[in-house]
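Spelled out from the first residue to the last, the chains are:
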Amino acid sequence: MSIQRLFIANRGEIAVRIVRAAKSLGIHTIQAHSEADADMLAVRMADEAVCIGPPQAAKSYLDIEAVVKAARDAGADAVHPGYGFLAESPAFARAVTEAGMIFVGPSADTIQSMGDKVSARQAAGAAGVPVVPGSDGRVDDMDVAARLASDIGFPVMIKASAGGGGRGIRIAETAEDLSKLAPQARQEAQAAFGDGGIYIEKVIRQPRHIEVQILGDGTRAVHCFERECSLQRRRQKVWEEAPAFDLPEATRQAMCKSAVDLAEAVGYRGAGTVEYLYDQQADAYYFIEMNTRIQVEHPVTEMITGLDLVALMIRVAGGEPLPLVQDDIHLTGHAIEVRLNAEDPHKKFMPFPGKVGALDLPESDGVRVDHFLYEGYQIPPFYDSLIGKLIVHGDTREQAIDKMQSALDGIKIDGLKTTIPLHKALARSDDVRAGRIHTQWLEPWLDAGNLNDQTGGAS
Amino acid sequence: MADIQSPVPGTFYHRPSPEDAVFKSEGDSVAVGDTIGLVEVMKSFIEVQAEEAGTFAGYAVENEAAVSAGDVLATLK
């Protein structure tokens, strides 16, 4: 049963991307939009559009009942959730299915089990995927804690079981530190959360973020190699690459294989991403989580493999078996994506929801722009600040960075403040060129004023 | 009478969080720089501060209303 009428329950650039992919498959597209998004690009491109509620996301794109009702009333036979909003809501996936439509993604049960940190870690462990060594739950006996820590190897992190957001985290460098810090952590957790439970976990210094793209049809899965997303600000990725640089071939193969193992173990259907922390010094990788949706940075994978991931996830959702085997997927060259946000990088990344003026987007051989802009478009203030993505492909990483640099010089988006100056500075940075980056690199680099330094900064 | 306008477009909030009390109630005194509300713009929260001192007369728009830059959010008397 292939999909005939696809309802797109998202907005912005990913809605445009989904409309394009669906049209290439000959599928009728029905675009959802809030009252504030009636004039967005995906609405203009889709075959039909349906208003699902007021501007605020909670009353429109996040309202499960409203979205499902709109999709059903429009006669849709499938719903694509995009990313963000309801993309990883098991309740939404279930509601779509119960209303007799196809959810373009994995089953509600898979979303649920991968969305829960503990059960995801268990599933990864069961599939033989390395997880960050730790106490696997709370430890109350300090002798047990000491024994565990020496097994894991110092330094270890002590965290409150009931805590969150990094509160009360302590790092013990030695066994002596641990015997001093663990009771303090327990006391503080008791006072702050009414629960003195702690757990311990290995500290990975200056980790890199590497993730593997997978595709599954519910039975079989393949990987489409990995992406490097170590340049992050406030845990948001700003610059992504494929493949990861300087990754030993054996490590790449093991990482990709373990992602496929996990996907097959959970009967994964659709496009998904297995995220890892990579400890470069130890050449070791650890599972962090699995994202059960298409990701913002999927184009870099498309550039190095030539695949259309969004079209493939729609075909698989429609019941087709995966139309390719692992040996069909080849890695060619190097791709980089930068996120273009409507923010002023010189003013602490203050959002700038302006009106789009003159546009010049350099799209040519090996340069792609995924976006939802047109001249005269007023960007609504109600949603996140991503306005587009600039993606380049070159034969080597060096060439890709050069290409990114000239694409950034050529791009023009008048009327808005954007993060283009940030990306120009990154492309000039010696550390970025040399690959001396990790997930904790960008923020100190910004704090040191490198954004304003035309030479690319000291390194 | 003085108007307090929204510095940015977005969603206006009368309270720091749903559990908290409103920033100001009618009759409260307002000093220059006092926060009277928040505007959420592209998932960031911007504090709306009084540029003049006075007595709070009330909010001009509902909590969680969609506002444009320059819209009157509250008045002082």
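Residues numbered from 1 in each chain as written. Chains lettered and ligands numbered in written order. Predicted model: local features only at pLDDT ≥ 70, side-chain atom pairs only at ≥ 80, totals over all residues.

Turning our eyes to something else, we now look at the confidence of the model for chain A. Taken as a whole, chain A shows an average pLDDT of 94; of its residues, 97% reach a score of 70 or greater. Counted against residues more than four places away or in other chains, residues 455–459 of chain A, with its pLDDT under 50, gives nine contacts. (pLDDT = per-residue confidence, 0-100. Contact = placed C-beta atoms within 7 Å.)

The next subject is the sheet that holds strand S7 (residues 170–172) of chain A. Residue and element names in this part refer to chain A. In space, the three strands of this open sheet follow the order S7-S6-S8, with antiparallel pairing throughout. Single-partner strands in this sheet number two, and they are S7 and strand S8 (198–202). Across the sheet, the axes of successive neighbouring strands diverge by a mean angle of 30°, strand direction being ignored. Where strand S6 (residues 156–160) lies against S7, three bridges are found, and the strand directions are antiparallel. Looking at S7, one finds that Ile158 is bridged to Arg170. Where helix H7 (residues 142–152) meets the sheet, its contacts fall on S6, S7 and S8, and the angle it forms with S8 comes to roughly 15°. Of the strands in this sheet, S6, S7 and S8 are in contact with helix H8 (residues 175–193), which crosses S6 at around 20°. (Pairing = 2+ DSSP bridges. Helix = DSSP H or I, 4+ residues; strand = E, 2+ residues; numbered from the N terminus. Axes fitted to C-alpha atoms, helices over the stretch in contact; angles between N-to-C directions.)

The next point concerns the interface of chain B and chain A. With ten residues of chain B at the interface, the matching set in chain A holds ten residues. For the side of chain B that touches chain A, the residue count by class is five nonpolar, three polar and two charged. (Nonpolar A, V, L, I, M, F, W, Y, C, P; charged D, E, K, R; others polar.)

On to the environment of Gly318(A). Residue and element names in this part refer to chain A. You can see Gly318 is positioned in the loop between helix H11 (309–317) and strand S14 (334–341). For Gly318, a count of 18 C-beta atoms within 10 Å corresponds to the partly exposed category. Along the chain, Gly318 and Ser2 lie 316 residues apart, while their C-alpha atoms are 4.5 Å from each other. (Buried ≥ 20, exposed ≤ 12 C-beta atoms within 10 Å, placed from the backbone.)

The subject of this paragraph is the packing of H7(A) against H8(A). All names here are of chain A. Between H7 and H8, the least distance of the axes is 10 Å, while the angle of their chain directions is 145°. Remark: the crossing between H7 and H8 carries right-handed chirality. Between H7 and H8, the residues in contact are Met142, Ala145, Ala146, Ala149 and Ser150 and Ala175, Leu178, Ser179 and Ala182, respectively. In terms of residue class, the contact of H7 with H8 is built from seven nonpolar, two polar and no charged. (Left-handed = near helix turned anticlockwise from the far one by under 90°.)

Further remarks concern the sheet that holds strand S7 (residues 65–67) of chain B. All names here are of chain B. Read from one edge of the open sheet, four strands run S5-S4-S2-S7, paired in antiparallel fashion. The outermost strands of the open sheet, each flanked by one partner alone, are strand S5 (44–49) and S7. Averaged over all pairs of adjacent strands, the angle between strand axes in this sheet comes to 35°, irrespective of strand direction.

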